[in-house]
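Listed below, chain by chain, are the residues.
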Amino acid sequence: MSDSNRDRPHDKTLGMDARICRRDFLNSTLLASGGLLLSPVFPRQLLGEGPDDDWTGPGGVGDYRTANGNTAPVMNAAHRIRDHAFDSAPADAIDTGEVFDCVIVGGGVSGLGAALAFKTQGGEGLKCLVLENHPMFGGEARRNEFMVDGQRLMAPQGADHFQIPYPHSFIARFYEMIGLDIAEFKYQTWGSSLPEITLGRTFEQMPGPNGTWFGSKFGQNPSIWLTGASAHNPDNLPVPPAMRDELRRRRGRAHESAKPYDYPGDARSRRLDSMTIEQHLIEDRGLTQDVIRTFMTPGEGGGYGLGPDVLSAYCEYAFDDLHCLDDSAETGWQAFPGGNEGIARHMVKTLIPDSIPGPKTLEAVCRNNVDFTALDPPNADRPARLRLGATVVRVEHELPGQPEKSGFVWITYTREGKVYRLKARSAVMAGGCWTTKRIVRDLPASHLEAYRQFYRSPCMVVNVAVRNWMFLYKLGISGANWYEGLGSFTCVHKVPLFSTDQKTIGPESPTVLTFKVLYCYPGLGIEEQGNRGRAELLATSFQEYERQIREQMTDMFARTGFDARRDIAGIILNRWGHAYLSPQPGFFFGKDGQPAPREVLRNVPFGRITFANTDLGGAADHKVAIIEGYRAVGQILDRVLT
Ligand SMILES: Cc1cc2nc3c(=O)[nH]c(=O)nc-3n(C[C@H](O)[C@H](O)[C@H](O)COP(=O)(O)OP(=O)(O)OC[C@H]3O[C@@H](n4cnc5c(N)ncnc54)[C@H](O)[C@@H]3O)c2cc1C
């Protein structure tokens, strides 16, 4: 046992032994994180067979209790693909005897979008199956649930918010089809006798009074807060004078974020895609590397997982291509209580109407529990099925090396320790680049080369349920930013009324604070940054992260009455080994006369197989996920199924 996991003298004060949501399973005989941090060897000892193992940690309550991020069992199963366990077809695969018109690999928003496209556009009689490796659908659009002092609280595991679309757009019609009525998003109001402070509607929208915290990285021992007007004055920052000067000069120059090109693919956008964000900020905006790495990493690459020194500068603007009617954080952003899980739940309710009991209203779909038996009932004759806990390990054409002549593809998957296979007349690969490139057999060199140019980076979303947030209120803030330690921001926000019995919120109310932890190592290459982050994510036990969170929150908030032992009601870690696509220069429009890698995968089906997932779109957004799913199914209907 290493020091990092040994009980420490102040653990009791931090509340490490307190009973939190489903954490009474924990003991303190965990393995090291420090020594394993950079080890290329997967620390299997930490990975039990969860849920609730020492790595996965508690998953809360409700539908998602065994599906917090990539749990150890799901990851162990998936890593067998990486470890070449299925390089040859397993001889013991059990043939289920099933034949589907389309099998969709991946039950995230893109795969569910593909299933809806297939159901609604494929016509009568066609049947599809979604295979998803987690025990719950939604992919990165899932939620955590806590019960705190009798209140049911929800928070996102990943995807957070959606925007208001143009009223006659494809996405507006899609929302209508799945029963997502934006007009019904009315949020909690202030419910305290204390004076009101502004709260946002999502964990990423921070319209309220915010504070900035500076600790030992900035030489502040004890740490300090800058709040109110002082937070906006560079003169107050604990940084060297030259940096202060630079920040002072840059105040009020927000207009520089305006799109510096006319349309995607024109010469100016291609120039952006030929450089990193960091180069763009230095060359075009006159910032220094010091300021960028101190204050804008990971912020500038927030939707892409890594720092500005490795991402294409086009990432800064790629979200503009999504064309929302209102994408302003202030007025446009909307959120279900657990983020875009609400979109995924409505998609599944539309696909399989008895999957969530009750009517297709926002309230019923949000609050009623999933009927897991309705997703994939044996022998039922239905247009769409969703099989959970199924890790697809091989997708191959009937005739090896002859995709055009094959009448079907074999889909091989593992489930609860057994290997199965079934036939599909077509397949949509919606799981993401990191598994697709390994499980589709005989991928052409062009597709393999394209996938080689996809980098995904890790992320951990930590949800901390607190019994009240008086400690923030006493600082005069509802949101906070910082540039060291775990995460970089958090805030208190309201939730929509349909999701809760608590119609008001105040500093005395329990809430969930969400911390998004990115793993950026400026100066390292893009692949190295991702691998190093994953190594850290893999090697750190639940207990070690829990301790870090409790220590950091104590350092931040004890001065205003926060007591980790008393105030924390639950902690859930959602670890995503391959969370974000991290596009390098050239990703969007290609380089050296070569096509952009995503175009190779989007434009050309491989025999009976097409490719979806958000990563092909280049912006981490559910609209991209849905559009890529629809496009992939369109190719199957237009070119594959006879
Ligand atoms: C921290 C974070 C915050 C985000 N915030 C937002 C936001 O606010 N708004 C927004 O619109 N988007 C957001 N996104 C982007 C989000 O990723 C997309 O909107 C969308 O949810 C992704 O859907 P997907 O289906 O493409 O991928 P995923 O959600 O990754 O789904 C793919 C699924 O396929 C499964 N799978 C993979 N391989 C296999 C296999 N071999 N067999 C079976 N199953 C497999 C995966 O485990 C996963 O469940 C965020 C993403 C992250 C990581």
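Everything below is about the structure shown above.
Source: prediction; values computed, not measured.

Draft legend 1. Spotlight on unusual backbone geometry. Of the consecutive residues Asn 221 and Pro 222, the connecting peptide bond is found in the cis state with omega at 5 degrees. Notably, Asn 379 is not glycine yet its phi reads approximately 60 degrees, a positive angle. One can find Asn 379 in the loop between helix 11 (362–367) and strand 11 (384–387). According to the relative accessible area criterion, Asn 379 is exposed, its value standing at 79%. Here Asp 592, not a glycine, exhibits a phi torsion of approximately 50 degrees, which is positive. Mapped onto the fold, Asp 592 is located in the loop between strand 21 (568–581) and helix 18 (597–603). We classify Asp 592 as exposed; its relative accessible area is 69%.

Draft legend 2. Geometry of the sheet that holds strand 9 (residues 224–226). Strand order in the open sheet formed by four strands is 9-8-17-18, and the pairing between neighbours is mixed. Edge strands, defined here as strands with exactly one partner in the open sheet, are strand 9 and strand 18 (489–491). Across the sheet, the mean angle from the axis of one strand to that of its neighbour is 25 degrees, orientation sign disregarded. As paired strands, strand 17 (residues 479–482) and strand 18 are joined by three bridges and run antiparallel to one another. Opposite Ala 480, over in strand 18, you have Thr 490 as the bridge partner.

Draft legend 3. Fine view of the site of the ligand. Lining the immediate surroundings of the ligand are 36 residues, of which Glu 132, Asn 133, Glu 140, Thr 614 and His 622 lie closest. One of the backbone nitrogen or oxygen atoms of Asp 160 is found 2.9 Å away from an oxygen atom of the ligand. One of the side-chain N or O atoms of Asn 613 is found 3.3 Å from an oxygen atom in the ligand. Notes on the ligand: free accessible area 990 Å², of which the protein chains cover 96%. Breaking the shell around the ligand down by element, the ones donating at least two residues are helix 3 (109–121), strand 12 (391–397), helix 12 (433–439), strand 16 (456–466), strand 21 and helix 19 (622–639). The residue makeup of the shell around the ligand, split by class, is 14 nonpolar, 16 polar and six charged.

Draft legend 4. A look at the pattern of salt bridges. Overall, the coordinates contain 36 salt bridges when judged by the stated rule. Note that Arg 385 is salt-bridged to Asp 376, the shortest N-O span being 2.8 Å. The buried category is assigned to Asp 376, whose relative accessible area is 18%. Across the pair Lys 623 and Asp 621 runs a salt bridge whose closest N-O atoms are separated by 2.9 Å.

Draft legend 5. Quick look at the packing of aromatic side chains. If you walk through the whole model with that rule in mind, you get 36 aromatic pairs. Between the aromatic rings of Phe 214 and Tyr 483, the centroid separation amounts to 6.2 Å while the plane-to-plane angle is 35 degrees, which identifies the pairing as tilted. Note that Phe 214 is positioned in strand 8 (residues 210–214) and Tyr 483 in the loop between strand 17 and strand 18, a separation of 269 residues in sequence. Residue Phe 214 is classed as buried on the basis of its relative accessible area, which comes to 0%. Overall, the relative accessible area of 26% leaves Tyr 483 in the partly exposed class.

Draft legend 6. Expanded view of the packing of helix 3 against helix 19. Interhelical geometry of helix 3 versus helix 19 gives an angle of 45 degrees and a closest axis separation of 7 Å. By the angle between their axes, helix 3 is oblique relative to helix 19. Note on packing geometry: the crossing formed by helix 3 with helix 19 is right-handed. From helix 3, Val 109, Ser 110, Gly 113, Ala 114, Leu 116, Ala 117, Phe 118, Thr 120 and Gln 121 reach across to helix 19, where they touch His 622, Ala 625, Ile 626, Glu 628, Gly 629, Tyr 630, Val 633, Ile 636 and Leu 637. By residue class, the composition of the contact of helix 3 with helix 19 is 11 nonpolar, six polar and one charged.

So, how was this worked out
- Residues numbered from 1 in each chain as written.
- Predicted model: local features only at pLDDT ≥ 70, side-chain atom pairs only at ≥ 80, totals over all residues.
- Heavy atoms only, no water.
- Helix = DSSP H or I, 4+ residues; strand = E, 2+ residues; numbered from the N terminus.
- Buried < 20%, exposed > 50% of the residue type's maximum accessible area, 1.4 Å probe, protein only.
- Pairing = 2+ DSSP bridges.
- Axes fitted to C-alpha atoms, helices over the stretch in contact; angles between N-to-C directions.
- Near = heavy atom within 4 Å.
- Polar contact = N/O pair within 3.5 Å; in protein donor to acceptor, adjacent residues only side chain to side chain.
- Areas by Shrake-Rupley, 256 points an atom, 1.4 Å probe, with all protein chains shown as cover.
- Nonpolar A, V, L, I, M, F, W, Y, C, P; charged D, E, K, R; others polar.
- Salt bridge = Lys/Arg side-chain N within 4 Å of Asp/Glu carboxyl O.
- Phe/Tyr/Trp six-rings, centres within 6.5 Å; stacked < 30°, edge-to-face > 60°.
- Parallel < 35°, antiparallel > 145°, perpendicular 65-115°, else oblique.
- Left-handed = near helix turned anticlockwise from the far one by under 90°.
- Contact = heavy atoms within 4.5 Å.

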